[in-house]
Amino acid sequence: MANSRRKLIFNIYIGFYCSAVIQICVCSQFTSSSTDPFNKDHGAFPVAINGEIFPWHELRLPTMVIPLHYDLFVHPNLTSLDFVASEKIEVLVRDATRFIILHSKDLEIMNVTLQSEEDLRYRKPGKKLTVLSYPAHEQIALLIPEKLMADLRYSVAIDFQAKLADGFEGFYKSTYRTLGGETRTIAVTDFEPTQARMAFPCFDEPLFKANFSIKIRRESRHIALSNMPKVKTIELEGGLLEDHFETTVKMSTYLVAYIVCDFNSVSGTASSGVKVSIHAAPDKWSQTHYALEASLKLLDFYENYFDIQYPLAKLDLVAIPDFESGAMENWGLVTYRETSLLFDPKTSSTSDKLWVTKVIAHELAHQWFGNLVTMEWWNDIWLNEGFATYMELISVNITYPELQFDDDFLDMCFEVIKRDSLNSSHPLSNQAETSTHIKEMFDAVSYKKGACILNMLKDFLSEEKFKKGIIHYLKKFSYRNAKNDDLWSSLSNDCLESDSTSGGFCYSDSKTTSNTLTFLRENVEVKHMMATWTLQKGIPLVVVNREGRSIRLQQERFLNGVFKEDPEWGTLQERYLWHIPVTYSTSSSNAIHRHILKSKTDTLDLPEKTSWVKFNVDSNGYYIVHYEGRGWDQLITLLNQNHTFLRPKDRINLIHDAFQLVSAGRLTLDKALDLTRYLQHETSIPALLKGLEYLELFYHITERRNVSDVTENLKHYLLQYFKPVMDMQSWCDEGSVWDRRLRSALLKLACYLNHAPCVQKATELFSQWMESSGKLNIPTDVLKIVYSMGAQTTAGWNYLLEQYELSLSGAEKNKILYALSTSKHQEKLTKLIELGMEGKVIKTQDLAALLHAIARNPKGQQLAWNFVKENWIHLLKKFELGSFPIRMIISGTTSHFSSKDELQEVKLFFESLKAQGSHVEIFQIVLETISKNIKWLEKNLPTLRNWLLISI
């Protein structure tokens, strides 16, 4: 019944949209363009590949013509690995013109015809159009013999063909091996951000939303999937079948998807009647069941949370054997890397389960944030990705509380702070025009910083009011495009409607103090506040100086690796000012105090005397805090006396901020290390792991630089300090999520440090596993550790490589590949790289992660870097410049360098690439990171050496 109702509403909506609303709702989102700009100045326009003048010179498409509906037919041949296709695009002309500009890349255009409404009415043949191509902008121009008239509709028919792409973009081929050793091919699409143009000529920008009717021709041994449910299948001559799919809702081209494959599926029905199916290669069908359970739970959650029903009748989630990213939110047909969707109880760890749950939660959130409401242009991609990442926290906490995702989210914010505190960072809302620049926007800043500032805003407004605001935003802009300011207006308007006494400011319902009441009257504008977080790069540092009951606050730009005494520090601080929603707690009250720091300096007066003050309660704020004077000493004393006076997240926050401040030259390393001494009494596993993370990091830094005395002393300190808790760990899968993660982290470190009991147990388990021909079930939390120890012998390494080829579990293959990369034999590491480049045993999609892992191995760091330098051209044939794998390869093989010679070598290599026309943002990030590493060692290595001598 729910499905019938949804279909009826959909049909009514489409009819209404096409007949009445088109000129109001669609045209209003496009800025007015001048008529036929080509007539103005031919000299300003580029030359098409046939030598004629191309009539458009901008990267962005003109808005004189907009699409309403695509009728798309596709016939892929999985034997010859190509496809033939045709389309009819119904367009609306807004301004009279003699040409139509479309996106097209690597497509052979066979024929183009144009029909007017009159031609269609009287069944007149179309007029054949001349096509010009300008590959530099990935555009084609359709030249019209007679001017197209404004406010009329036309139909453009295009016949075209192409090879199925070799990489991971557009309409591409993917392969998998069956248990019997047969290699099978499927065809799959991946269009975000600018690759729909590789599959069909189109208006490939997010603002050009339209409806799509898709038909796919296939062999009977395959199935076809697309965004919408299948309406019918027609039998054709030669045993071919043609599937027709329902017309889509109004959406952007990057969300269109279709797949031809031979997969099996498992299905269920959500509370609202939506059919949810998980598809995978037949031999991996048994790994789909957890994804189905999670998808049903999460879809129900989102429909209730957003108060907006999922608008399609079905939702397919498909595990793709070759996939560049983690997943893609195509409306109604979500595609995933296999490790992001499939869960094998025998080989998937608790971390793997959390990952699968998070990715499903992320992509389902996109069905509303991104699909239903889409950013106007890629400069605001954070509206899509930041919100989907934020909704991971909200949805997983409620649907799977046992996964204890809160502290993972905190770690994610800490991770992006490392990136955002470099001068090479960028604003959340950032200009992006070329395909390479647009791809670079899909980074940690857009995803993670976006999520972190939304979480801060939620804490600032209150969860209830924040939720009302985003529901208002989603309902107001459904099937439309939006930008930064539209979101802030929705949040502000909700305040005005429901909280007229608050001066237009939504505030937290938690306990307030007199200070809180003061700032509530300040009529804070959400838009003005959030502009300081989205339109400028970086993260603020709040400096706290307390004298008695008076607290002086000062804000600066926090810069990792740039010290206050450095000559460039002052220049890098200029014109940076945030509106910071500061929170703090004191020894004298359980209340959370709130204040908005809008100026460079400000003063707070405490109502009563207090022995300590802790800012950024629960680490909900996106800022670093430095306590001047005796502030840090007081907090260290508090932790040593009774750490439970502070919330667990506040303890994690103190550890994080202290070590970040060391990197900025604002706190001495010995002071930060002294803070960790209390960890022997720590009861919060995430806090314990945070402290351990920094100590382990220092170990790897000194080991890679071959500073043997410090490395040995740090190893001794770690084993001495953490031995009691290491020896308490069992080799099983018991306990809470954090119990299990502690076990994995501690045993991995213990074995890496050659702690005898750990090495003995892991070696014993690996021998038993080999003797059982790989049939022994090793506890999943220690599987990677056991494999890594086994990989240290030639026999063990060879056996693991054999098992890697045979394994059907992506989670297990990841663990084996990591273990293989830990070998101390360079010839084995070289073989792994060769297999990754070949792409058969080790898939190309895993090459970037493999190079990253090998570079982290002291015996492989130079090997991986030399390979990248010598094979750069070959790598660019596998991955697009600016893509995530290329960025990961560059940073993964260089960002751990910490010597001036290494810095110079990397600089010279990047300069040679720039000279060849290759330049991406990651180059500057890497150079800044290496410089920071050099500076850290120069300043802190003597301190670390002395501290260890005292401590052991």
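A quick note: this is a predicted structure, and the numbers were derived from the prediction, not measured.

### Topic: the overall build of the protein chain
Helix and strand content of the protein chain: 30 helices and 29 strands. For 952 residues, the compact-globule estimate of 2.2 N^0.38 gives 30 Å, and the protein chain sits close to it at 29 Å. C-alpha atoms of the protein chain, sized along the principal axes, occupy 90 × 75 × 60 Å. In the protein chain, which comprises 952 residues, the share counted as buried stands at 62%.

### Notes on the pattern of salt bridges
Taken as a whole, this structure holds 52 salt bridges when the rule is applied. Across the pair Lys 483 and Asp 486 runs a salt bridge, and its minimum N-O distance is 3.9 Å. Overall, the relative accessible area of 36% leaves Lys 483 in the partly exposed class. Its salt-bridge partner being Arg 677, residue Asp 674 comes within 3.4 Å of it at the nearest N-O pair. Salt bridges here are not isolated pairs; linked through shared partners, they connect Lys 105, Glu 138, Glu 169, Arg 197, Asp 204, Lys 439 and Glu 880.

### Notes on the domain arrangement of the protein chain
Along its sequence, the protein chain is organised into domain 1 (44–262), domain 2 (373–496 + 520–535) and domain 3 (541–677). Between the C-alpha centres of domain 2 and domain 3 there is a distance of 24 Å. Taken residue by residue, the interface counts 25 residues in domain 2 and 25 residues in domain 3. Taken together, the two surfaces of domain 2 and domain 3 that pack against each other cover about 2300 Å², and 62% of this comes from carbon and sulfur. The salt bridge partner of Asp 459 is Arg 594, with a shortest N-O separation of 3.4 Å.

### Quick look at the pairing of strand 20 (residues 333–337)
For strand 20, a buried count of five out of five residues is recorded, marking the element as mostly surrounded by other parts of the structure. Side chains Leu 333, Thr 335 and Arg 337 of strand 20 all project onto a buried face; the interleaved residues Val 334 and Tyr 336 project onto the opposite face, where all are buried too. In this structure, strand 18 (residues 314–320) lies alongside strand 20, joined through five bridges in parallel fashion. If you follow Val 318 over to strand 20, its bridge partner there is Thr 335. Summarising the sheet, strand 19 (residues 327–328) and strand 20 pair through two bridges and their orientation is antiparallel. Counted as the bridge partner of Met 328 is Thr 335 from strand 20. The loop that links strand 19 with its antiparallel partner strand 20 comprises four residues; one of these, Gly 332, has a positive phi angle of about 85 degrees.

### A look at the environment of Asp 119
Of note, Asp 119 is situated in helix 2 (residues 117–121). You can call Asp 119 buried: its relative accessible area is 5%. Apart from residues no more than four positions distant in its own chain, Asp 119 is found in contact with Leu 114, Lys 124 and Lys 127.

### With respect to the pairing of strand 7 (residues 139–148)
Pairing between strand 3 (residues 97–103) and strand 7: six bridges, direction antiparallel. Each residue of the ladder has a partner; that of Leu 102, found in strand 7, is Ile 140. Across five bridges, strand 6 (residues 130–134) lies against strand 7 in antiparallel orientation. Bridge pairing in strand 7 links Ser 133 to Ile 140.

### Some details on the sheet that holds strand 9 (residues 170–177)
Strand order in the open sheet made by the four strands is 9-10-15-12, with antiparallel pairing throughout. Looking along the sheet, the strands with just one partner apiece sit at the ends: strand 9 and strand 12 (223–226). In this sheet, adjacent strand axes meet at a mean angle of 15 degrees when their direction is disregarded. In terms of strand pairing, strand 12 meets strand 15 (residues 258–261) through four bridges, oriented antiparallel.

### A short note on the nonpolar core
Of all hydrophobic cores here, the largest spans 316 residues; its most connected members are Phe 200, Tyr 258 and Phe 615. If one sorts the elements of this core by residue count, helix 30 (residues 921–951) sits on top with 13 residues. When residues no more than four places from it in sequence are discounted, the contact partners of Phe 200 are Tyr 70, Leu 72, Glu 87, His 103, Leu 107, Phe 160, Phe 191, Phe 212, Val 256 and Tyr 258.

### Notes on the state of the cysteines
Taken as a whole and judged by the stated rule, the model has two disulfides. Covalently, Cys 413 is tied to Cys 452 through a disulfide, its sulfur atoms 2.0 Å apart. Judged by the sign of its S-S torsion, about -110 degrees, the cystine formed by Cys 413 and Cys 452 is left-handed. On the criterion of sequence distance, the pair formed by Cys 413 in helix 6 (residues 406–420) and Cys 452 in helix 8 (residues 444–461) is long-range, its members being 39 residues apart. Here Cys 751 connects covalently by a disulfide to Cys 758, the sulfurs 2.0 Å from one another. Across the S-S bond linking Cys 751 and Cys 758, the dihedral sits near -100 degrees, which makes this disulfide left-handed. Side by side, Cys 751 and Cys 758 carry an identical accessibility label, which is buried. Considering cysteine sulfurs only, Cys 758 is the nearest to Cys 732, which forms no disulfide, with 14 Å between them.

### Looking at the UniProt feature "domain: Aminopeptidase N-like N-terminal" (unreviewed entry) in the protein chain
Under the feature "domain: Aminopeptidase N-like N-terminal" (unreviewed entry), the UniProt entry names residues 67–255. A distance of 15 Å separates the end C-alpha atoms of residues 67–255, which is 3% helix and 57% strand.

### Examining the sheet that holds strand 1 (residues 65–77)
Taken in spatial order, the eight strands of this open sheet run 5-4-8-2-1-11-14-13, and their pairing is mixed. Edge positions in the open sheet fall to strand 5 (127–128) and strand 13 (230–235), since each of these has one partner strand only. Note: strand 13 against strand 14 (residues 240–245), five bridges, orientation antiparallel. Residue pairing across strands places Thr 233 opposite Asp 243, the latter belonging to strand 14.

### Quick word on the packing of aromatic side chains
The relation between two aromatic rings is expressed through the spacing of the ring centres and the mutual angle of the planes. In the structure shown here, the tally under the stated rule is 52 aromatic pairs. Residues Trp 769 and Tyr 799 carry aromatic rings whose centres are separated by 5.4 Å and whose planes lie at 75 degrees to one another, so their mutual orientation is edge-to-face. With a gap of 30 residues between them, Trp 769 in helix 20 (residues 756–771) and Tyr 799 in helix 22 (residues 794–806) connect regions that are remote in the sequence. There is no split in this pair, since Trp 769 and Tyr 799 are both buried. Over the aromatic face of Tyr 305 sits the side chain of Lys 467, whose NZ or CZ is 4.6 Å from the ring centroid. Positioned above the aromatic ring of Phe 563, the side-chain terminus of Lys 935 is 4.7 Å from the ring centre.

About the thresholds
- Residues numbered from 1 in each chain as written.
- Predicted model: local features only at pLDDT ≥ 70, side-chain atom pairs only at ≥ 80, totals over all residues.
- Heavy atoms only, no water.
- Helix = DSSP H or I, 4+ residues; strand = E, 2+ residues; numbered from the N terminus.
- Rg over C-alpha atoms; globule rule 2.2 N^0.38 Å.
- Buried < 20%, exposed > 50% of the residue type's maximum accessible area, 1.4 Å probe, protein only.
- Salt bridge = Lys/Arg side-chain N within 4 Å of Asp/Glu carboxyl O.
- Domains from an automatic or database assignment.
- Contact = heavy atoms within 4.5 Å.
- Buried area = accessible area lost by both parts, 1.4 Å probe.
- Pairing = 2+ DSSP bridges.
- Axes fitted to C-alpha atoms, helices over the stretch in contact; angles between N-to-C directions.
- Core = buried A, V, L, I, M, F, W, Y, C linked by side-chain atoms within 4.5 Å.
- Disulfide = S-S within 2.5 Å.
- UniProt positions renumbered as here; feature names shortened; annotations may be inferred.
- Phe/Tyr/Trp six-rings, centres within 6.5 Å; stacked < 30°, edge-to-face > 60°.
- Lys NZ or Arg CZ within 6 Å of the ring centre and 35° of its normal.

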